[in-house]
Amino acid sequence: MNRIYNGAAIPRYQVFVLDDGEFVVQWNETSVQNLMTGQYRPYTFHDFGHLIHDFELERLKTAGVIEHYNRTYVWIYALPENNRFGGLRTQEHSSGRVRLYYLNTTLPASRFDEVLDRFQTLNLMDQYWATEHDGVVAIFGKDEKPFVQLKDAESVQRQLSAVAPDLFGATAVAFIEMSRSEVALKSPELDSLDLDVIIAAQSDTTTLKGKRAVVIVKDDRESHEICQQLGSLLMDVCTARTGSEALQVLQEQPPHVVVMELQLPDMHGYEMLAKVREMNFSVRVIVLAEPSAAESDQVFALTIARVDGYLVKPISLPLLRQTVWEALKE
């Protein structure tokens with residue numbers, strides 16, 4: 001019998017340990033919440049210590065801070081805020097990310113055919129899509145897409161629980177976070193949402209160890225933070241502030257990936273991109289755009305220019321890490 005947990009299911013990559021030993025959960029780009037005290041504190045990538053380990057989660061479970069965990073989620077009880085216990089705070093949107101929803105039936109993958117048969121019996125085959133994920137059966141909306149609104153996912157959850165309580169009574173709403181550009185211009189290779197990929201991107205360094213990266217960013221602080229992130233992946237990183245500097249670096253030693261701004265001091269990013277393609281057509285390119293960039297820039301980047309990643313500032317460093325990992329893992 002599958003157990004229904006009372007805590008909120010939080011993606012495991014959002015729960016980690018700071019360099020000073022604090023156990024925290026990250027709700028947005030610039031702040032984290034202490035799991036023991038509920039206090040918020042400012043956060044930058046420099047504060048990151050390590051991904052949380054199973055033995056540390058066991059300690060938190062024993063202390064009554066979390067209810068349960070697995071390799072994908074951590075079920076967290078409501079945290080004290082402002083000297084009171086309230087509902088667990090969650091964030092559905094940020095400047096660079098958006099949260100999308102699906103249903104976790106909590107049914108083992110061995111019952112996948114049973115779910116499909118029930119969908120057929122209830123005439124739901126053209127409304128929802130079922131798939132196997134991480135050993136359980138998950139349900140998405142039409143056209144194999146997640147639900148955009150939480151209320152839509154909750155409505156489907158209630159519907160399924162009502163028409164087939166024996167099968168869907170323990171179904172819970174789950175979510176995944178994506179960049180806004182990926183949601184707005186979802187390419188075919190992103191149609192399959194794989195939480196395992198997100199987890200692997202935050203912990204796997206074997207894919208990127210020794211790979212060469214060139215960071216073309218004019219702001220020194222931003223460039224430094226990106227270089228630190230790529231350096232933590234054991235990559236060899238070079239930097240440039242202008243397009244002409246970058247071309248000289250590229251000529252000396254062709255990289256595996258280029259992380260570049262669209263607005264460079266001496267040329268537009270697409271002019272730079274054309275020169276990069278001429279020099280090394282196989283190089284992967286991740287573009288960093290300002291929030292004011294036109295939607296046409298996104299369309300051009302993902303279709304005509306065929307970049308491997310398009311991220312809108314302010315850049316989420318974990319998302320950048322995932323984008324680089326996915327671009328180079330092939």
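Quick note: structure is the one above.
Residues numbered from 1 in each chain as written. Predicted model: local features only at pLDDT ≥ 70, side-chain atom pairs only at ≥ 80, totals over all residues. Heavy atoms only, no water.

A. Molecular detail of the packing of helix α8 (residues 243–252) against helix α9 (residues 269–279). In the contact formed by α8 and α9, the axes pass within 11 Å of each other and the chain directions differ by 10°. Classed by the angle they form, the pair α8 and α9 counts as roughly parallel. For the pair α8 and α9, contact is made by Gly-243, Ala-246, Leu-247, Leu-250 and Gln-251 and by Met-272, Lys-275, Val-276 and Met-279, respectively. Partitioning the contact of α8 with α9 into residue classes produces 6 nonpolar, 2 polar and 1 charged. (Axes fitted to C-alpha atoms, helices over the stretch in contact; angles between N-to-C directions. Helix = DSSP H or I, 4+ residues; strand = E, 2+ residues; numbered from the N terminus. Parallel < 35°, antiparallel > 145°, perpendicular 65-115°, else oblique. Contact = heavy atoms within 4.5 Å. Nonpolar A, V, L, I, M, F, W, Y, C, P; charged D, E, K, R; others polar.)

B. Quick peek at the sheet that holds strand β5 (residues 40–42). Spatially, the 5 strands line up as an open sheet ordered β5-β4-β3-β2-β6, and their pairing is antiparallel. Unpaired on one side and paired on the other, β5 and β6 (48–51) mark the two borders of the sheet. The average angle at which neighbouring strand axes cross in this sheet is 45°, direction not considered. Inspection of the sheet shows strand β2 (residues 15–18) paired to strand β3 (residues 23–26) by 3 bridges, in the antiparallel sense. In the strand pairing of β3, Phe-16 is matched with Val-24. (Pairing = 2+ DSSP bridges.)

C. Layout of the packing of aromatic side chains. One pass over the structure, following the stated rule, counts 7 aromatic pairs. For the pair Tyr-73 and Trp-75, a centre-to-centre distance of 5.9 Å together with 65° between the ring planes defines the contact as edge-to-face. On the accessibility criterion, Trp-75 (12% relative accessible area) is buried. Here Phe-119 and Phe-168 contribute two aromatic rings whose centre-to-centre distance is 5.9 Å and whose plane-to-plane angle is 35°, an arrangement assigned as tilted. Taken together, the residues span a long stretch of sequence, with Phe-119 in helix α2 (residues 112–121) and Phe-168 in helix α4 (residues 165–168) at a distance of 49 residues. (Phe/Tyr/Trp six-rings, centres within 6.5 Å; stacked < 30°, edge-to-face > 60°. Buried < 20%, exposed > 50% of the residue type's maximum accessible area, 1.4 Å probe, protein only.)

D. Expanded view of the sheet that holds strand β8 (residues 73–76). Spatially, the 3 strands line up as an open sheet ordered β1-β8-β7, and their pairing is antiparallel. Strands at the two margins of the open sheet, each flanked by one partner only, are β1 (8–11) and β7 (66–69). On average, each strand axis in the sheet is tilted by 25° relative to the strand beside it, whichever way the strands run. By the bridge criterion, 3 bridges tie β7 to β8 in an arrangement that is antiparallel. From the neighbouring strand, Ile-66 faces β8, where its bridge partner is Ile-76. Of the strands in this sheet, β7 and β8 are in contact with helix α1 (residues 54–62), which crosses β7 at around 150°.

E. Molecular detail of the environment of Ile-226. Relative to the assigned elements, Ile-226 resides in helix α7 (residues 220–231). Residue Ile-226 is classed as buried on the basis of its relative accessible area, which comes to 1%. A C-alpha to C-alpha distance of 8.3 Å links Ile-226 and Leu-320, two positions 94 residues apart in sequence.

F. Structural detail: α8. Considered for burial, the residues of α8 that qualify are Gly-243, Ala-246, Leu-247, Val-249 and Leu-250. Mapping the buried residues of α8 onto a view down its axis gives an arc of 165°, with all of them on the same face. What points out from α8, more than 90 degrees from its buried face, is the exposed set Gln-251 and Glu-252. In this fold, the buried residues of α8 make contact with β15 (212–216), β16 (236–240), β17 (257–261) and α9. (Arc of directions from axis to C-beta.)

G. Just the packing of α7 against helix α11 (residues 317–328), in detail. Where α7 contacts α11, the axes come no closer than 10 Å and their chain directions differ by 50°. Between α7 and α11, the interaxial angle falls into the category oblique. In the packing of α7 onto α11, the handedness of the crossing is right-handed. Contacts from Glu-225, Ile-226, Gln-229 and Leu-230 in α7 reach Leu-317, Pro-318, Leu-320, Arg-321 and Val-324 in α11. Considered class by class, the residues forming the contact of α7 with α11 number 6 nonpolar, 1 polar and 2 charged. (Left-handed = near helix turned anticlockwise from the far one by under 90°.)

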